[in-house]
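What the coordinates show
Here's the letter readout for the chains.
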Amino acid sequence: MTSVLYDAPGPKARRMSRIISYVGVAVIAVGVIALVLALGAPKTSVNGAVQPGLWDLSHWDVFNDVQVWRALGAGALATLEMAGVAAVFALVIGVLFSFGRASDAAWIRVPTTVVLEFFRGMPVLLMMLFILLVFSTGSFWAGVAALAVYNGAIIGEALRAGIKALPRGQREAGLAIGLTPIATRLRIEFPQAFRQMLPIIIAQLVVLLKDTSLAFVVGYSELLRSMRDLTNFFGNRYSFSFFFVVLVIYLAMNLSLSWLARRIARRSGPEPTH
Amino acid sequence: MDAVIDNLPVFLEGFRNTLGLLVISGVGALILGMIVAGLRISPVASFRGFATVYTEIIRNTPLTLILFFCAFLLPYLQFSPGYFTLAVIGLTVYTSPFVAEAVRSGINGVHVGQAEAARSIGLGFGQSLAFVILPQALRMVVPPLINVFIALAKNTSVAGAFFVFELFGAARQVTNDRGDRVLAILLAVAVFYLLITVTLGVFAGRVEKRVAVLR
C-alpha cells in the first residue's frame, strides 16, 4: 500500500533516501546512546554523596547470588501459573458466553448480553479487589477469577463474531441433516468459528498474561512482587537492575506468545477448502 | 447505601481525577501515537524499524511495570513532578502504540485505488496523504480509537495503585473505612466506571453506523 504513495525511486531519489535513512539511524542511535549514557552517569544526591552510574558493576553484583535468580524464577512461575489457570477458565467462560450471546432464545440472550457488557466495561483491577473483599477468596483466586471473567467476556465476543461470520448455509445444512440446533452449533458452527478466531484468542491470552501483573496490587506474590521484595531487601541501589531484568523476562514471555499467535494466524489464515 | 451517600464527595473527587487522567493521557497518547504511526509508514527504513521496535516493546510490557517505572524509578533518577504527572506519562506511553496501530490499520484500510488515483492526478506523497488518504482513514480510525480510549479509561484504575487518588483509590480508601459495606461501595464505583465506558461504547457504535453508511 505505502509503495503506491511514492514513485519507484530513481538513482537520485535512492541516494536521497539512503542519506535520510543513514541520518535517521544516526539520530536514533545518538538518542539511544544519550539515554544509555544519561542512565550511566554518576549522580550527586541531595546530601552531596556521589552515586556511581546505573551501568556500574556495583549495581549488578547481586545477580551473582543464586537466591536472587531463585526468587525471580519463583515469581515468573507464579505469574505463569496464574496465567495458565486463568486462561483455561477464560476459554470455558468465553465459550459459554458465546453460546449465550448467539442463542435464539431471548431469555438467554438478553441477560447474557447485559452481564457481558458489565464485565467488559469494568476495570480488571476493580474486579480483583471486588472478588477479594466480597468473597474473601485469597489473592490467587481473586486474580484468577477476575482475569477469567474479563478475558472470557472478550473471548466470548470474538467467538460470537466468528459464529456470525459463517455462511448461513452451514447452520441450515446442519439442521437439514437432522441435527438439533444445539448439536449444529456445537459440531458444525463452533469448531469453524474457533479455528477462525484462534489468532484473536491467543492475542487475548497475551493480554491476560500481561494483566497477571495487576494481581500484584491485591497482594499475590508474582514476578512484580518478587521485584519489589528484592528491591526492598537489597536496597534502592539495585531498583533499576531488578526492573531491567524483570522487563526482559516479561518481554521474553509475551513476545514468544505473540510470535506463536502470528504463526497460527498465518497458518489458519486462508481457510483450506475441503 | 448510606456508606455510598456519606462518601459521595470522595467518589466524586476520584471520578474527577479519573476523568483528568483519561483526558490528559488520551490527548498525549493521540499525539504520540500519530507520530509513531507516521514513522511506521514513512519511506525511511530506519524510522519504520524504530517505530516497530517501540510498538512491540511497549505493547508487550505490562502497564503495571510501566507505572512502576514511572512511580518509583523516575523519582530515583531525580525526576519527580508528582505522582499524577508520573501516572499521566506512564499511561500516555503505554497507550501510544495502541493508538498507532489503530491509525495504521485505518490507513491500510483505505482502498489502494484511492492512493493510485491520487498519485495519477499528480499529487505527491504528502499531498495524497493529506488530501486523500488521511481524511478517509481518520473516519475509519474513530471506532477502534474509541475502543483504545475505553481501555485507557479502565487502565487509569492501575494508577490508583500507584498513589494517584482516582476512582480505584477512592474505592480502596472507603472500603478500608467501611468494611461492612464493601459490596455497595464497589458497585457504586463500578457504576462510575460504566458511566465512562458505556457512554464511549454507545458513541463508538453510533460513529461506526454512520461510517458504514458512508462507505
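For clarity, every value in this text was computed on a predicted model and none was experimentally measured.

Conventions and cut-offs
- Residues numbered from 1 in each chain as written.
- Chains lettered and ligands numbered in written order.
- Predicted model: local features only at pLDDT ≥ 70, side-chain atom pairs only at ≥ 80, totals over all residues.
- Heavy atoms only, no water.
- Helix = DSSP H or I, 4+ residues; strand = E, 2+ residues; numbered from the N terminus.
- Rg over C-alpha atoms; globule rule 2.2 N^0.38 Å.
- Buried < 20%, exposed > 50% of the residue type's maximum accessible area, 1.4 Å probe, protein only.
- Lys, Arg positive; Asp, Glu negative; His and termini not counted.
- Charge placed at Lys NZ, Arg CZ, Asp CG, Glu CD.
- Contact = heavy atoms within 4.5 Å.
- Buried area = accessible area lost by both parts, 1.4 Å probe.
- Salt bridge = Lys/Arg side-chain N within 4 Å of Asp/Glu carboxyl O.
- Polar contact = N/O pair within 3.5 Å; in protein donor to acceptor, adjacent residues only side chain to side chain.
- Nonpolar A, V, L, I, M, F, W, Y, C, P; charged D, E, K, R; others polar.
- UniProt positions renumbered as here; feature names shortened; annotations may be inferred.
- pLDDT = per-residue confidence, 0-100.
- Domains from an automatic or database assignment.

**Thoughts on the overall build of chain A**
Within chain A, the regular secondary structure consists of ten helices and two strands. When the elements of chain A are put in sequence order from the N terminus, they spell out α-α-β-β-α-α-α-α-α-α-α-α. Whereas a compact globule of 274 residues would reach a radius of gyration of roughly 19 Å, chain A reaches 25 Å, over 25% beyond that. Taking the principal axes of the C-alpha coordinates as reference, chain A spans close to 80 × 70 × 30 Å. Counting across all 274 residues of chain A, residues that qualify as buried make up 42%. Distance from the positive charge centre (24 side chains) to the negative charge centre (14 side chains) of chain A: 8 Å.

**Let's talk about the overall build of chain B**
In terms of regular secondary structure, chain B is built from nine helices and zero strands. Ordered by position from N to C terminus, the α and β elements of chain B give α-α-α-α-α-α-α-α-α. Taken along its principal axes, the extent of the C-alpha atoms in chain B is 70 × 45 × 25 Å. Looking at the 215 residues of chain B, the share that counts as buried comes to 50%. At a minimum sequence separation of 6, the contacts of chain B that also span at least 24 residues come to 76%. Chain B carries 15 positive and 10 negative side-chain charges, and their two centres are separated by 13 Å.

**Examining the interface of chain A and chain B**
Contacts between the two partners involve 52 residues from chain A, matched on the other side by 54 residues from chain B. Between chain A and chain B, roughly 4,600 Å² of surface is buried when both sides are summed, and carbon and sulfur atoms account for 76% of that area. Across the chain A-chain B interface, the total number found is one salt bridge. Across the contact surface, chain A and chain B share nine residue pairs in polar contact (both at pLDDT 80 or more). Broken down by element, the side of chain A that touches chain B gets its largest block of residues, eleven residues, from helix H10 (residues 239-268) of chain A. Across the side of chain A that touches chain B, the residue classes tally to 32 nonpolar, 13 polar and seven charged.

**Re the environment of A:Gly143**
Residues and elements named next belong to chain A. Position of Gly-143 among the secondary structure elements: in helix H6 (residues 139-165). It is 24 Å that separates the C-alpha atoms of Gly-143 and Val-245, two residues lying 102 residues apart in sequence. Residues in contact with Gly-143, not counting those within four places in the same chain, are Met-82 and Met-128.

**Considering the UniProt feature "transmembrane region" (unreviewed entry) in chain B**
All names here are of chain B. Listed under "transmembrane region" (unreviewed entry) in the UniProt record, and renumbered for this structure, are residues 20-39, 60-77, 83-100, 121-142, 148-170 and 182-205. When the span residues 121-142 is considered, its composition is 82% helix and 0% strand, and the gap between its end C-alpha atoms is 28 Å. Within residues 148-170, the helical portion is 70% and the strand portion 0%, while the C-alpha atoms at the span's ends are 24 Å from each other.

**So, the pattern of salt bridges**
It is possible for side chains of opposite charge to pair when their charged atoms get near one another. Under the definition given, this model contains eleven salt bridges over all chains. Ionic contacts of the salt-bridge type, sharing partners, join the residues A:Asp104, A:Arg171, A:Arg185 and A:Glu189 into one network.

**Side note on the confidence of the model for chain B**
Looking at chain B as a whole, the pLDDT averages 86, with 98% of positions reaching at least 70. The secondary-structure element of chain B with the lowest mean pLDDT is helix H1 (residues 2-6) of chain B, recorded at 77, while helix H2 (residues 8-40) of chain B shows the highest, at 91.

**Points about the UniProt feature "transmembrane region" (unreviewed entry) in chain A**
Here, the residues flagged by UniProt with the feature "transmembrane region" (unreviewed entry) are residues 20-41, 82-102, 114-134, 140-159, 197-220 and 240-261 of chain A. End C-alpha atoms of residues 20-41 of chain A are separated by 31 Å, and the span's content is 95% helix alongside 0% strand.

**Considerations on the domain arrangement of chain A**
Parsing chain A into structural domains produces domain 1 (2-41) and domain 2 (66-268). Spacing between the C-alpha centres of domain 1 of chain A and domain 2 of chain A amounts to 39 Å.

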